Amino acid sequence: MAAGDVRINDSVLIPARELTERFSRSSGPGGQGVNTADSRVELAFDVAGSSALPPWLRERAVQRLAGRLTDGVLTIAASEHRNQLANRAAARERLAALLREAIAAPAPTRRPTRPSRAAKERRITAKKRRGQTKRLRRGDSD
């Protein structure tokens, strides 16, 4: 793993050459350095055109991230830290987390089951016992 590469999981690694970074000035307070330091980072990754993702994972990621993609490109902005290096690391972490979630295998579908005969009998017995208790509390003759 070279510097700048982003590890998504054990089998997926996004090389740094597939990532594009843009730097700009962060908004908000910052004193004298706010007008000179380009600490805000925009990290862009072309999900639809990536060769790092196998075709089935790419398709799954594009489908799940459809609302966040612009022409197949996922863009993440980070400006929470005061220095560019920390914002670059934060943007890469966020990208990895987003892609990890997007390419995760879907949960297995639920297979409906039925209660066993013994479970049904236990339930009915418990209901009868409870009804008997309430009947005894009433005190009126039946």
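Residues numbered from 1 in each chain as written. Predicted model: local features only at pLDDT ≥ 70, side-chain atom pairs only at ≥ 80, totals over all residues. Heavy atoms only, no water.

Q: A description of the nonpolar core should follow, citing residues and the corresponding values.
A: Burial of nonpolar side chains together is a common tendency in soluble globular proteins. Counting 25 residues, the largest nonpolar core has I8, F45, V47, L74, L95 and L99 as the members making the most contacts within it. Where this core is concerned, the elements lending two or more residues are strand 4 (40–46), helix 1 (55–64), strand 6 (73–78) and helix 2 (84–103). The biggest single contributor to this core is helix 2, with eight residues. (Core = buried A, V, L, I, M, F, W, Y, C linked by side-chain atoms within 4.5 Å. Buried < 20%, exposed > 50% of the residue type's maximum accessible area, 1.4 Å probe, protein only. Helix = DSSP H or I, 4+ residues; strand = E, 2+ residues; numbered from the N terminus.)

Q: Please provide a residue-by-residue account of unusual backbone geometry, values included.
A: A positive phi is found at D71, a non-glycine position, where the angle reads about 55°. Looking at the element boundaries, D71 is found in the loop between strand 5 (69–70) and strand 6.

Q: So, the side chain of R92: which residues are in play, and what are the values?
A: Position of R92 relative to the elements: it lies in helix 2. Those residues in contact with R92 that sit more than four places away from it in its chain are G4, D5, V6, L19, E21 and L43. (Contact = heavy atoms within 4.5 Å.)

Q: Before we move on, could you go through the pairing of strand 4 and cite the residues and values that matter?
A: Counting buried positions over the seven residues of strand 4 gives five, a clear majority of the element. Here six bridges tie strand 4 to strand 6, and the two strands are oriented antiparallel to one another. Each bridged residue has a counterpart across the sheet, and for A44 the counterpart in strand 6 is T75. (Pairing = 2+ DSSP bridges.)

Q: Provide a residue-level description of the pattern of salt bridges, including the pertinent values.
A: The tally for this structure, following the rule as stated, stands at five salt bridges. Between E42 and R22 there is a salt bridge; the shortest N-O distance is 3.7 Å. In this pair, E42 is assigned in strand 4 and R22 in strand 3 (residues 19–24), connecting sequence segments 20 residues apart. The shortest N-O distance in the salt bridge between E80 and R94 comes to 2.7 Å. With a gap of 14 residues between them, E80 in the loop between strand 6 and helix 2 and R94 in helix 2 connect regions that are remote in the sequence. Under the relative-accessibility criterion, E80 is labelled partly exposed at 48%. One continuous salt-bridge network, built from bridges that share partners, spans E21, R88 and R92. (Salt bridge = Lys/Arg side-chain N within 4 Å of Asp/Glu carboxyl O.)

Everything listed here is a matter of geometry and, on its own, says nothing about what the molecule does.
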